[in-house]
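# A closer look at the structure
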Amino acid sequence: MPWTASHPNSFSRKSTSICHGGYSNRSSALESSQDIRRRQHCHDWWGDEGERTRRRAGGVRQADCWLQAQYGLLADQVVSARLVLPSGDVVTVSKNSNPDLFWAIKGAGHNFGLVTEWEYRIYDVKNEKWFYEIFVFSGDKLEALYELTSKMLKTQPPEVTHWTYIVKVAEIDPDHPIIWYAIIYDGPVSETREYTLPIHDIDAIMVNAGQTTMPGLASFSLQDLDGPGCKKSLTSLRYPISLKSYNTAAVRKVYDEIDATIREIPELAGSFFLLEGYSTQGVEAVDARSTAFPHRDDKILVTSYLQYKPIATIDLLTQAHGEKLQSYLLEGSDDPAHLRTYVNYAHGDESPQEVCGWEEWRLEKLKKLKEEWDPENRMRYYVPFV
């Protein structure tokens, strides 16, 4: 059984309708997202998010995904939503109904209310099966791998995702972390094989290839509900950063720090470091001012998952470790003065600018809408901006 990890589930209700311009799906909080995706697969259509659908009490967030380069973010697919406000009033938000609040929930909705029903665009399945190749590399291949990845990122097709873990797997390497590196491709096997050819020039410990349906991507990519990311009764800390490109020297610092820290604090051996390299054509095609989501030109999502059984004596050491990993990548980024973090991965102590964007106008607009729709700031549980 491969090492695994998981993302939160989402919930919705069975109800489908036809919308102008194509299909739409109308849903509310009664059915799990995995059930939705299985049902959608049987009918040969998919919501944009596939296995990366995000839903939490509070509204629609942006949610990066396998299909974002082809169709945009989940937030971009929302047609309308039924929102329970902190006052208890219920409103419908859409392009034509409360449009400013509609703008706000597409990226910052957890600050404004609870979505009980929402309608979003869906698309026909292009390929019944997705193809993947998994490469396992030792740490000494990091420079060659990420120099190559940086080149591939510049011409990455919309159908491709690069997915990487730095993780300790003693069965493979008892002494050092491995680099678990996958290419996920929504296309025919021949195209995938051609795309991954340069990676085969780097000596791997092992290579595995196969096909799976979109519902199977969660398990394949080690993001299913049984993985360590969803284990209960663990302290779990994340320190995310969004990037426009890889800095190989910074990634090397991250790897070496993880290697050294696991030796010093063996309780952290079950942690992992995730680098998500999605294609972004569909995300960048949407006007950056049209939604509250601020980070449309970022190419890479990165976060540590620092997980351990609750031990108070290592809490501060673990926090310092997570902050150090984040700082290496920030210092090596295109803009070291401005940390950008993905709200779904947020640690919880980020500034409003780090989560909501560094453009003054965007945060000012959100604050004015907050004053209008939640003047008592009741919706402040998760990463509030006021």
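This is a predicted model, so every value here is computed, not measured.

## Describing the overall build of the protein
Looking only at helices and strands, the protein features twelve helices and 16 strands. Each of the 386 residues in the protein was classed as buried or not, and the buried ones make up 59%.

## Focus: unusual backbone geometry
The residue N98 is not glycine, and still its phi comes out positive at about 50°. By secondary structure assignment, the location of N98 is in the loop between β7 (90-94) and α4 (99-108). Despite not being glycine, N377 has its phi angle at roughly 55°, a positive value.

## Thoughts on the pattern of salt bridges
This structure, assessed with the given rule, holds 17 salt bridges. Across the salt bridge formed by E159 and K126, the nearest N and O atoms sit 3.8 Å from each other. Taken together, the positions of E159 in the loop between α5 (142-154) and β10 (160-167) and K126 in the loop between β8 (114-124) and β9 (130-138) put the pair 33 residues apart, joining distant regions of the chain. On the accessibility criterion, K126 (46% relative accessible area) is partly exposed. With a closest N to O distance of 3.8 Å, K324 and E257 form a salt bridge. Residue K324 is located in helix α10 (residues 315-331), and its partner E257 is located in helix α8 (residues 248-264); the two are separated by 67 residues in the primary sequence.

## Let's talk about the packing of aromatic side chains
The final tally for this structure, using the stated rule, is 18 aromatic pairs. Ring geometry for W103 against W361: centres 6.3 Å apart, planes inclined by 45°, an arrangement best described as tilted. Taken together, the residues span a long stretch of sequence, with W103 in helix α4 and W361 in helix α12 (residues 360-373) at a distance of 258 residues. Residue classification places W103 among the buried residues on the basis of a relative accessible area of 5%. Seen from their ring centres, W163 and Y165 are 6.3 Å apart, and the 75° between their planes marks the pair as edge-to-face.

## Overview of the nonpolar core
Among the nonpolar cores identified, the biggest contains 35 residues, and Y181 and F273 are the most heavily contacted of them. Dropping the residues within four chain positions of it, F273 is found in contact with T164, Y165, I166, V254, I258, V302, T303, S304, L325 and L329. Ranked by size, the runner-up nonpolar core spans 30 residues in total, among them L74, V343, A346 and L369.

## What about the side chain of N111?
With respect to the secondary-structure elements, N111 resides in the loop between α4 and β8. A polar contact of 3.3 Å, which involves the side chain of N111, links it to the side chain of H110.

## Some remarks on the pairing of strand β11 (residues 178-185)
Most of β11 sits out of view: eight of its eight residues are buried. Residues I178, W180, A182 and I184 of β11 are buried on one face, and the alternating residues I179, Y181, I183 and Y185, pointing to the opposite face, are buried as well. In terms of strand pairing, β9 meets β11 through eight bridges, oriented antiparallel. Bridge pairing in β11 links I134 to A182.

## Overview of the confidence of the model for the protein
Scored by pLDDT, the protein has a mean of 85; 83% of the residues are at 70 or more. Considering only residues more than four positions removed or in separate chains, one finds that residues 1-22, a stretch of pLDDT under 50, has 89 contacts. Contacts from residues 29-34, a stretch scored under 50 in pLDDT, to residues over four places away or in other chains number 22 contacts.

## Description of the side chain of H321
With respect to the element layout, H321 can be found in helix α10. On the accessibility criterion, H321 (7% relative accessible area) is buried. A polar contact is formed between the side chain of H321 and the side chain of T261, at a distance of 3.2 Å. Among residues more than four places away in sequence, those in contact with H321 are E257, I258, T261, L268 and L306.

## Considering α4
Within α4, eight of the ten residues are buried, which leaves it mostly tucked inside the rest of the structure. Three or more residues of α4 are buried, namely L101, F102, W103, A104, I105, K106, G107 and A108. Turning to α4, the residues buried within the fold contact α3 (74-77), β6 (78-84), β7 and α12.

## Details of the packing of α8 against α10
Here α8 crosses α10 at 165°, and the two axes come no closer than 8 Å. Comparing their axes, α10 and α8 come out roughly antiparallel. Note on packing geometry: the crossing formed by α8 with α10 is right-handed. Of the residues in α10, those in contact with A250, V251, K253, V254, E257, I258 and T261 of α8 are H321, K324, L325, Y328 and L329.

## Observations regarding the packing of α5 against α8
Two numbers describe how α5 lies on α8: the axes approach to 9 Å, and their chain directions differ by 140°. Viewed along their axes, α5 and α8 adopt a mutual orientation that is oblique. Of the two elements, α5 crosses α8, and the hand of that crossing is right-handed. The segment α5 lies against α8, with L142, E143, Y146 and E147 engaging T248, V251, R252 and Y255. Within the contact of α5 with α8, the residues separate by chemical class into four nonpolar, one polar and three charged.

## So, α12
Compared with the 20 Å implied by 1.5 Å per residue over 14 residues, the 20 Å span of α12 between its first and last C-alpha is a close match. Looking at α12, one finds that the buried residues are R362, L363, L366, L369, K370 and W373. The arc enclosing the buried residues of α12, seen along the axis, measures out at 125°, which places them on a common side. Exposed and oriented more than 90 degrees from the buried face of α12 are E360, K368, E371 and E372. Where the residues of α12 are buried, they touch β7, α4 and α11 (352-356).

About the cut-offs
- Residues numbered from 1 in each chain as written.
- Predicted model: local features only at pLDDT ≥ 70, side-chain atom pairs only at ≥ 80, totals over all residues.
- Heavy atoms only, no water.
- Helix = DSSP H or I, 4+ residues; strand = E, 2+ residues; numbered from the N terminus.
- Buried < 20%, exposed > 50% of the residue type's maximum accessible area, 1.4 Å probe, protein only.
- Salt bridge = Lys/Arg side-chain N within 4 Å of Asp/Glu carboxyl O.
- Phe/Tyr/Trp six-rings, centres within 6.5 Å; stacked < 30°, edge-to-face > 60°.
- Core = buried A, V, L, I, M, F, W, Y, C linked by side-chain atoms within 4.5 Å.
- Contact = heavy atoms within 4.5 Å.
- Polar contact = N/O pair within 3.5 Å; in protein donor to acceptor, adjacent residues only side chain to side chain.
- Pairing = 2+ DSSP bridges.
- pLDDT = per-residue confidence, 0-100.
- Axes fitted to C-alpha atoms, helices over the stretch in contact; angles between N-to-C directions.
- Parallel < 35°, antiparallel > 145°, perpendicular 65-115°, else oblique.
- Left-handed = near helix turned anticlockwise from the far one by under 90°.
- Nonpolar A, V, L, I, M, F, W, Y, C, P; charged D, E, K, R; others polar.
- Expected span 1.5 Å × (residues − 1).
- Arc of directions from axis to C-beta.

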